[in-house]
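Remarks on the overall topology
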Amino acid sequence: MMKSVQKLGIVAASVFSATIAATPAMAVTLLNSPSSTGQISDSGPANYSFSGGAGLATLMFNLEGYLTLDGFGNGFDDTFVASLNGTDFLSGSFDLGGGGSNMVFMSPVGTTFSVSPISTGAPTGLGGTAAFSTTLNLIEGLNTLSFRFIGPLQGAGDEGWGINSVLVDGNAVSAVPEPAAWALMIVGFGIVGGALRYRRRSTSVAFATA
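Residues numbered from 1 in each chain as written. Predicted model: local features only at pLDDT ≥ 70, side-chain atom pairs only at ≥ 80, totals over all residues. Heavy atoms only, no water.

Describing a nonpolar patch on the surface
Taken together, the side chains of Phe72, Met103, Phe105 and Met106 present a nonpolar region at the surface, about 330 Å² in accessible area. Summarising the element assignment, Phe72 is placed in the loop between strand S3 (55–67) and strand S4 (79–84). (Patch = residues over 30% accessible without salt bridge, like charges linked within 9 Å, V, L, I, M, F, W, Y side chains within 5 Å. Areas by Shrake-Rupley, 256 points an atom, 1.4 Å probe, with all protein chains shown as cover. Salt bridge = Lys/Arg side-chain N within 4 Å of Asp/Glu carboxyl O. Helix = DSSP H or I, 4+ residues; strand = E, 2+ residues; numbered from the N terminus.)

Quick look at the sheet that holds strand S6 (residues 103–106)
Overall, antiparallel pairing links the five strands, which are arranged S2-S9-S4-S5-S6 in an open sheet. Looking along the sheet, the strands with just one partner apiece sit at the ends: strand S2 (46–52) and S6. Geometrically, the sheet is characterised by an average inter-axis angle of 20 degrees between neighbouring strands, direction not taken into account. With six bridges connecting them, S4 and strand S5 (residues 87–93) associate as antiparallel partners. The residue of S5 that forms the bridge with Thr79 is Ser93. (Pairing = 2+ DSSP bridges. Axes fitted to C-alpha atoms, helices over the stretch in contact; angles between N-to-C directions.)

Re the sheet that holds strand S10 (residues 159–171)
Taken in spatial order, the five strands make up an open sheet running S1-S10-S3-S8-S7, and their pairing is antiparallel. If you trace the sheet from one side to the other, it starts and ends with strand S1 (27–33) and strand S7 (112–116), each paired once. For this sheet, the mean inter-axis angle between neighbouring strands, taken without regard to orientation, is 20 degrees. Alignment of S3 against S10, held across nine bridges, turns out to be antiparallel. What sits directly across from Met60, in S10, is Leu167.

Describing the environment of Ala46
For Ala46, the location among the structural elements is in strand S2. Take Ala46: its relative accessible area is 7%, and that puts it in the buried class. Remark: the alpha-carbon pair of Ala46 and Ala82, spanning 36 residues in sequence, is separated by 9.6 Å. (Buried < 20%, exposed > 50% of the residue type's maximum accessible area, 1.4 Å probe, protein only.)

This is the structure we're talking about:
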């Protein structure tokens with residue numbers, strides 16, 4: 001009988017483990033915002049909030065430059081910054097119509113970007129686009145992406161910026177077991193509890209006799 005109870009306890013533990021394993025985090029699209037913010041003529045920010053599971057995620061987005069948004073080293077540097085949950089993770093200066101060079105100051109490992117038009121060092125006034133692909137380290141639950149520029153821009157008649165095509169893929173929020181799974185877990189706990197009570201009742205103490 002004791003062996004049977006022990007086996008029931010093992011089965012219950014297996015059911016519990018299988019139930020937990022059956023509800024893993026899944027890679028899904030957490031944010032898909034294809035529309036453009038349009039021209040932003042001040043430092044920003046532009047914010048995007050979404051829910052996700054903890055862990056690494058991929059981020060793709062386009063930085064739009066209007067008119068003469070400046071790159072690095074032409075005396076009018078415009079510095080772009082991206083942050084997640086209040087912590088900066090990406091910054092740089094990009095020639096999006098104003099001249100200068102394309103320079104990344106901070107970024108996660110593996111970040112890639114492409115800029116159009118390619119910097120020529122001469123202002124064109126036609127704007128441009130920088131397309132980014134990078135990674136994020138999300139927290140469980142609500143996350144907020146924020147994009148901004150450091151320092152004042154020169155005004156809507158001179159330059160501006162915007163964000164479009166923001167896409168985040170990562171883990172879904174940790175799954176809550178379905179009602180049927182909860183039922184299996186409760187049965188498993190009951191079997192384990194019953195096995196423990198049986199063992200206590202079956203325990204006997206032998207006293208030495210003279």
